[in-house]
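# An overview of the molecular structure
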Amino acid sequence: MATVKSLDDLKRIREEALKKQQMKETSGKTEVIVGMGTVGIAAGARETLKTIMDMIENENLSDIIVRQTGNIGLDSFEPIVQVVLPGEEKVTYGKVNPEMARQIIKEHIIGGKIITEYQIMG
Amino acid sequence: MRELALHILDIAENSISAGADQIKISVNEDFLNDLLTITVEDNGKGMDAETLEKITDPFITSRTTRQVGLGIPFFKAAAEACDGTFQIESEVGAGTKVASVFKHSHIDRMPLGDITGTLQTLIIGTPEVNWVFEYVVDQNCFVFDDQPIKETLDGVPLSEPAVMKFIREMINEGIQDVRQKVSSTI
């Protein structure tokens, strides 16, 4: 018999999350955006985003906002991932497969270092 | 696309582009009548009759911004290749409903695929939309509504790691539960 998730479990999760937030300085949130238009989806954008979400879950990375958006307008570079660190310019990565997504999380989001070889546009 | 779940994701993206803030996805596996029905229903801005007529034709587009692309013709073709039907109803200012019916046992029917992955993408990635997912297998039903979750969270983001885990497990368990109930009655 599967244990049914209850909203009480979620309330506990919320309390924990709030405690963590209070301990931290409000340094702003990192944003990760994945393009999810038809071309992106066909090129594997869902798997890329899923990898990012799994990483956040497994590495317990708080204060990251994950967003998906429609077509970004660079079809031939799909899947596209954009990373915005607090107070920094948006960085756009192209043809991001799950392995590259893991690297982007580790090196850019955790380590703060842009992976220039995956970068497109500026 | 290799999974119906990817088509669902793509169709739901159209609903988001149409400005919907209520989107309901239903998957109904009816083994008794050998049918698989997928519907995506939104309260977005809708389309007029003329646009609606053009929408299933991949070679006609009136868009200026990329709101609706090849997704709908792909989905229609996928259903029709499986002795199925495709229907789209829309009303300006009220919303759009897309419904695809497949012959469940058809050899060319794509697998449902990673429904949880599709829902996670939509729910976590578009928190401003109220997502409802209904999964029916014969007479067993699982309904996921993210509204009570958001109310309980009261400002804590959905992309909080423990929250993402909660949502993922809740959907997975719901889907598994409905499937198990069905297989245990056969």
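Right above here is the structure, for reference.
Residues numbered from 1 in each chain as written. Chains lettered and ligands numbered in written order. Predicted model: local features only at pLDDT ≥ 70, side-chain atom pairs only at ≥ 80, totals over all residues. Heavy atoms only, no water.

Attention shifts here to the pattern of salt bridges. Any two side chains of opposite charge can pair, so long as their charged atoms come close to each other. Per the counting criterion, the structure on display carries 19 salt bridges over all chains. With a shortest N-O distance of 2.6 Å, aspartate 9 of chain A and arginine 12 of chain A are connected by a salt bridge. Remark: arginine 12 of chain A and aspartate 9 of chain A occur in helix α1 (residues 7-23); sequence separation between them is three residues, near one turn of the helix. Notably, a salt bridge pairs lysine 50 of chain A with aspartate 54 of chain A, separated by 3.5 Å at the nearest N-O pair. Here lysine 50 of chain A pairs with aspartate 54 of chain A, and both are found in helix α3 (residues 45-58), just four residues apart, close to one helical turn. Accessibility expressed as a relative area gives 18% for lysine 50 of chain A, which makes it buried. Three or more residues joined by partner-sharing salt bridges are found here, namely Lys5 of chain A together with Lys165 and Glu169 of chain B. (Salt bridge = Lys/Arg side-chain N within 4 Å of Asp/Glu carboxyl O. Helix = DSSP H or I, 4+ residues; strand = E, 2+ residues; numbered from the N terminus. Buried < 20%, exposed > 50% of the residue type's maximum accessible area, 1.4 Å probe, protein only.)

Looking now at the interface of chain B and chain A. Taken together, the contact pairs 42 residues of chain B with 41 residues of chain A. Buried surface at the junction of chain B and chain A, both sides included, amounts to about 3500 Å², of which 59% is carbon and sulfur. When the area that chain B buries against chain A is broken down by residue, the three leading residues are Thr152, Pro161 and Phe166 of chain B, summing to 17%. Among the salt bridges present, the one from arginine 67 of chain A reaches glutamate 128 of chain B, with a minimum N-O distance of 3.0 Å. Taken together, the links from chain B to chain A amount to 16 residue pairs in polar contact (both at pLDDT 80 or more). Secondary-structure elements contributing two or more residues to the side of chain B that touches chain A are α1 (4-17), α3 (71-80), α4 (115-125), α5 (146-153) and α6 (161-185) of chain B. For the side of chain B that touches chain A, the element with the highest residue contribution is α6 of chain B, accounting for eleven residues. (Contact = heavy atoms within 4.5 Å. Buried area = accessible area lost by both parts, 1.4 Å probe. Polar contact = N/O pair within 3.5 Å; in protein donor to acceptor, adjacent residues only side chain to side chain.)

On to the side chain of serine 62 of chain A, then. Following the sequence through the fold, serine 62 of chain A ends up in the loop between α3 and β2 (64-69). For serine 62 of chain A, a relative accessible area of 16% corresponds to the buried category.

The next point concerns the packing of aromatic side chains. Residue and element names in this part refer to chain B. According to the stated counting rule, one finds four aromatic pairs over all chains in the structure shown. For the ring pair phenylalanine 133 and tyrosine 135, a centre distance of 6.2 Å and an interplane angle of 10° mean the geometry is stacked. When its relative accessible area of 2% is taken as the criterion, phenylalanine 133 is described as buried. A residue is classified by how much of its surface remains accessible, and tyrosine 135, at 2% relative accessible area, is buried. A connected cluster of aromatic rings, assembled from ring pairs, spans Phe75, Phe86 and Phe102. (Phe/Tyr/Trp six-rings, centres within 6.5 Å; stacked < 30°, edge-to-face > 60°.)

Glancing now at the nonpolar core. Residues and elements named next belong to chain B. By size, the foremost hydrophobic cluster in this structure holds 82 residues, and its most contacted members are Phe133 and Ile167. The element best represented in this core is α6, accounting for nine residues. Those residues within four positions of isoleucine 167 in sequence are excluded, and the remaining contacts are Ile123, Ile124, Phe144, Ile149 and Leu158. (Core = buried A, V, L, I, M, F, W, Y, C linked by side-chain atoms within 4.5 Å.)

Turning next to the sheet that holds β2 of chain A. Residues and elements named next belong to chain A. The mixed open sheet is built from four strands, whose spatial order is β2-β1-β3-β4. In the strand order of this sheet, the two ends are held by β2 and β4 (91-93), each with one partner. On average, adjacent strands in this sheet sit at an angle of 20° to one another, irrespective of strand direction. Pairing between strand β1 (residues 30-35) and strand β3 (residues 81-84): four bridges, direction antiparallel. Looking across to β3, one finds that isoleucine 33 is bridged to glutamine 82. (Pairing = 2+ DSSP bridges. Axes fitted to C-alpha atoms, helices over the stretch in contact; angles between N-to-C directions.)

Looking now at the sheet that holds strand β4 (residues 95-103) of chain B. Within a sheet, adjacent strands bond to each other through the backbone by hydrogen bonds, running parallel or antiparallel. Residues and elements named next belong to chain B. Spatial strand order, β3-β4-β2-β1-β5-β6: six strands in an open sheet with mixed pairing. Both outer strands of the open sheet, β3 (85-91) and β6 (140-145), are each paired with one neighbouring strand and no more. Sheet twist, expressed as the average angle between the axes of neighbouring strands with direction ignored, equals 10°. Bridge analysis of strand β2 (residues 35-42) against β4 gives eight bridges, and the strand direction is antiparallel. Within β4, the position partnered with threonine 39 by the bridge is alanine 99. The strands that α5 touches are β5 (130-137) and β6; relative to β6, the one it contacts most, it runs at about 40°.

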